[in-house]
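A look at the structure
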Amino acid sequence: QVQLVESGGGLVQAGGSLRLSCAASGIIFSINSMGWYRQAPGKQRELVAGITRSGNTDYSDSVKGRFTISRDNAKNMVYLQMNSLKPEDAAVYYCQCNARILIISPRNDYWGQGTQVTVSS
């Protein structure tokens, strides 16, 4: 199985920055896409940013121009640089990947436990 561990969350003032990291480990044949999702209290989990293995990225409209997703395929890691943070960015941020654990295995989605991001106004 694939384990995802996020780090880098915390408390920051509005306008500040945070960098989230996520490390994938375990039995991994290949990782296709990776992404960051977030869930605020009382709201559904939403996609924040995604990145393909080749580096193509996609962002939600609410974070375009402020957040940057990147990945290191050699280290099986994905990052989210968050700048100009707003109170509405506060949420639990989850790392996600679509991976194959064996060459004959189907691709499955895997999730981290989440890291809290709090933005004070």
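A short tour of the structure in this document, coming up. (Residues numbered from 1 in each chain as written. Predicted model: local features only at pLDDT ≥ 70, side-chain atom pairs only at ≥ 80, totals over all residues. Heavy atoms only, no water.)

**Some details on the side chain of Glu 6**
Within the element layout of this structure, Glu 6 appears in strand β1 (residues 2-7). No salt bridge is formed by the buried Glu 6. Its closest oppositely charged neighbour is Arg 45, at 7.6 Å. Within the structure, the side chain of Glu 6 is placed 2.9 Å from the backbone nitrogen of Gly 114, a separation counted as a polar contact. The residues touching Glu 6, leaving out its near neighbours within four places in the chain, are Ser 21, Cys 22, Trp 36, Tyr 93, Tyr 94, Cys 95, Gly 112, Gln 113, Gly 114 and Thr 115. (Helix = DSSP H or I, 4+ residues; strand = E, 2+ residues; numbered from the N terminus. Buried < 20%, exposed > 50% of the residue type's maximum accessible area, 1.4 Å probe, protein only. Lys, Arg positive; Asp, Glu negative; His and termini not counted. Salt bridge = Lys/Arg side-chain N within 4 Å of Asp/Glu carboxyl O. Polar contact = N/O pair within 3.5 Å; in protein donor to acceptor, adjacent residues only side chain to side chain. Contact = heavy atoms within 4.5 Å.)

**Some details on the state of the cysteines**
In a disulfide, the sulfur atoms of two cysteines are covalently bonded to one another. Scanning the entire structure with this criterion turns up 1 disulfide. Disulfide pairing places Cys 22 opposite Cys 95 at an S-S distance of 2.1 Å. The disulfide joining Cys 22 to Cys 95 has a torsion of about -85° about its S-S bond and is therefore left-handed. Here the residue Cys 22 occupies a position in strand β3 (residues 18-26), and Cys 95 occupies one in strand β9 (residues 91-100), the gap between them amounting to 73 residues. There is no split in this pair, since Cys 22 and Cys 95 are both buried. Its sulfur unpaired, Cys 97 is 6.5 Å from the next cysteine sulfur, which belongs to Cys 95. Note on Cys 97: relative accessible area 0%, which makes it buried. (Disulfide = S-S within 2.5 Å.)

Without other data, these values stay purely geometric and don't point to any function.
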